[in-house]
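# Breakdown of the fold
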Amino acid sequence: MIYLDNAATSWPKPERVYIAADKALREFSGNAGRSGHRLSMAAGRAIEETRLLLARLFNVPNPKNICFTLNATDALNLAIKGILRPGDHVIAGSMEHNSVARPLEALRAIGVECTKVNVLPAAGTEYTTEPNAVRNAIRSALRPNTKLAVFNHVSNVTGAENPIGEIGALCREQGIPLLVDAAQSAGTKPVDVQKLNIDLLAFPGHKGLFGPQGTGGLYIREGLILSPLREGGTGSRSEELTQPPSGPDRYESGTMNAAGIAALGEGVRFILEQGIEKIEEHEAALSSRLIRGLQEIPGIKIYGPPPGPHRSGVVSVTPENIECAEAELILDDSFGIAVRAGLHCAPDAHRLLGTLASGGTIRISIGYLNTEADIDNCIEALRSIVTDVTSGFLS
Ligand SMILES: Cc1ncc(COP(=O)(O)O)c(C=O)c1O
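Residues numbered from 1 in each chain as written. Predicted model: local features only at pLDDT ≥ 70, side-chain atom pairs only at ≥ 80, totals over all residues.

### Topic: the site of the ligand
For the ligand, the set of nearby residues contains 14 residues, the closest of which are N71, T73, N156, A183 and P204. Split into classes, the residues belonging to the shell around the ligand amount to five nonpolar, eight polar and one charged. (Near = placed C-beta within 6 Å. Nonpolar A, V, L, I, M, F, W, Y, C, P; charged D, E, K, R; others polar.)

Given below as structure tokens:
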């Protein structure tokens, strides 16, 4: 199997991730933070170790400002619903995933207003998003009751990178917390919450960070206190009926996914050892190779920025002569290649790209463990499918 669906979830994982999950389940599956015995203490230590490694990766000054969540969606819901109240206004990017768009839509019912700022550049523009244009659009969207800005770092449909540094500087100047959806950049691009002025960083554990599904997290800048999504047992301040006032305990009620988090820690350790720049370079080289190869196939339209520093390993295409969903099935059945066809849970992005009504795109998403041979095989498979349809061999 050639796996090119890493934007959905990464596979395979580095071997040490599997070993860590197995070891955690067998050897230290006590309930972290609840008891004083060695199994509970070991589980607690594994969780704190992963927090430390994540803090190192994202340059978070205090690891206690990272809380674990189920996935990126859970982290985004916590950040959005933890801040916004009736009467508030929020500014969001125009290419957001439903994990942002749907919570914002749900909050509309209780009187939260949202302005979506266009981050899609004019066709043919070299930069993914012109920083000045986005800055100006944010400035004109600002209101006295604007309480949050939320933007993805990288689009899960086009692979386009948003100018988060510029957006962060503006938000900081205006005193508005910036929430960044790092679902497509955590573990694949440098993310420095201090340098980029990020107040809230939502990330999945199971994509670029190589952790298992069921892991993710939210960084919350020191001093920002959110309403928790759920209350419950934390193993701390148990005599009080109210939720702990701060720290990860405030947001981490219930038994933790210790084995998943321990395995995630090994994924992060692998990334730190490899170096994020090397990972970014490898994915950029493969995505350039993919785009150049696809450009030579007649009838394939490629979306997103050209090869270069402002894109990720996510490449979306539409073939002219075959439905995306059918091509996806043929790629799997006949070539053993896994990609994803459809809307990728981002209908707003497809509305802007003009691919909503036609059912979306084929998304080819590269991971650090992919090789040049994987890319060449995918290009040849798509060429063969498109040629067979044209010649009437496939109908
Ligand atoms: C940009 C973006 N945001 C959020 C998510 C949600 O991530 P998760 O599946 O971890 O909840 C995804 C998932 O594909 C994504 O691509």
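### A word on the environment of L294
Take L294: it is sitting in helix α8 (residues 276-295). In this structure, the C-alpha to C-alpha distance between L294 and N59, residues 235 residues apart in sequence, is 37 Å. (Helix = DSSP H or I, 4+ residues; strand = E, 2+ residues; numbered from the N terminus.)

### A look at the sheet that holds strand β7 (residues 200-204)
Read from one edge of the open sheet, seven strands run β2-β8-β7-β6-β5-β3-β4, paired in mixed fashion. Taken across any chain shown, the strands that pair with only one partner, and hence form the sheet edges, are β2 (66-69) and β4 (113-117). Mean inter-strand twist for the sheet, computed between neighbouring axes without regard to direction, equals 20°. Here five bridges tie β7 to strand β8 (residues 216-220), and the two strands are oriented antiparallel to one another. (Pairing = 2+ DSSP bridges. Axes fitted to C-alpha atoms, helices over the stretch in contact; angles between N-to-C directions.)

### Concerning the sheet that holds strand β9 (residues 300-302)
One open sheet holds the four strands; their spatial order is β9-β10-β13-β12, and the pairing between them is antiparallel. Whereas interior strands pair on both sides, the edge strands pair on one side only; in this sheet they are β9 and β12 (340-342). Adjacent strand axes in the sheet meet at a mean angle of 30° when their direction is disregarded. With four bridges joining them, strand β10 (residues 314-319) and strand β13 (residues 361-365) adopt antiparallel strand pairing. Bridge assignment links V314 to a residue of β13, and that residue is S365.

### Section: the packing of α8 against helix α11 (residues 372-390)
Interaxial distance between α8 and α11 falls to 10 Å at its minimum, and their mutual angle equals 20°. Between α8 and α11, the interaxial angle falls into the category roughly parallel. Note that α8 runs across α11; the crossing there is right-handed. Facing α8, whose interface residues are L286, R289, L290, G293 and L294, α11 presents E372, I375, C378, I379 and L382. Residue composition of the contact of α8 with α11, grouped by class: seven nonpolar, one polar and two charged. (Parallel < 35°, antiparallel > 145°, perpendicular 65-115°, else oblique. Left-handed = near helix turned anticlockwise from the far one by under 90°. Contact = placed C-beta atoms within 7 Å.)

### Looking at unusual backbone geometry
Cis geometry marks the peptide bond from W11 to P12; its omega dihedral reads -10°. Along the chain, the position of P12 falls in the loop between β1 (2-3) and α1 (15-27). Of note in this structure, N59 is not a glycine but carries a positive phi near 55°. Along the chain, N59 falls in the loop between α2 (38-58) and β2. The phi dihedral of R237 falls on the positive side, at around 45°, and the residue is not glycine. Assessed through the 12 C-beta atoms surrounding it within 10 Å, R237 is described here as exposed. (Buried ≥ 20, exposed ≤ 12 C-beta atoms within 10 Å, placed from the backbone.)

### A look at the environment of P307
Looking at the element boundaries, P307 is found in the loop between β9 and β10. With 17 C-beta atoms counted inside 10 Å, the residue P307 sits in the partly exposed group. Between the C-alpha atoms of P307 and A285, which are 22 residues apart in sequence, the distance is 8.5 Å. Beyond its immediate sequence surroundings of up to four residues, P307 is in contact with S287, S288 and I291.

### Some remarks on the domain arrangement of the chain
Note: interface size is frequently given as the accessible area lost on complex formation between the parts. We note that the domain assignment places domain 1 (15-274) and domain 2 (275-390) within the chain. Centre-to-centre, using C-alpha coordinates, domain 1 lies 27 Å away from domain 2. Taken together, the elements giving at least two residues each to the side of domain 1 that touches domain 2 come down to α4 (98-108) and α7 (258-274). Grouping the constituent residues of the side of domain 1 that touches domain 2 by class yields nine nonpolar, 12 polar and three charged. (Domains from an automatic or database assignment.)

### Considering the nonpolar core
As a rule of thumb, nonpolar side chains are buried together in soluble globular proteins. Among the nonpolar cores identified, the biggest contains 82 residues, and A79, L201, A202, L218 and A258 are the most heavily contacted of them. At eight residues, α7 tops the list of elements feeding residues into this core. For this core, the two domains that each supply at least three residues are domain 1 (15-274) and domain 2 (275-390). By size, the runner-up hydrophobic cluster in this structure holds 26 residues, among which are V315, I375, C378 and I385. (Core = buried A, V, L, I, M, F, W, Y, C linked by C-beta atoms within 7 Å.)

### Looking at the pairing of β7
Buried residues dominate β7, accounting for five of its five residues. The two faces of β7 match: L200, A202 and P204 on one face and L201 and F203 on the other face are all buried. Pairing of strand β6 (residues 178-181) with β7 involves three bridges; the strand directions are parallel. Within the sheet, the bridge partner assigned to V180 lies in β7 and is L201.

### Quick look at the environment of T318
Mapped onto the secondary structure, T318 falls in strand β10. On the neighbour-count criterion, T318 (22 C-beta atoms within 10 Å) is buried. If near-sequence neighbours (up to four positions away) are discounted, T318 is found in contact with K301, C324, T355, T361 and I362.

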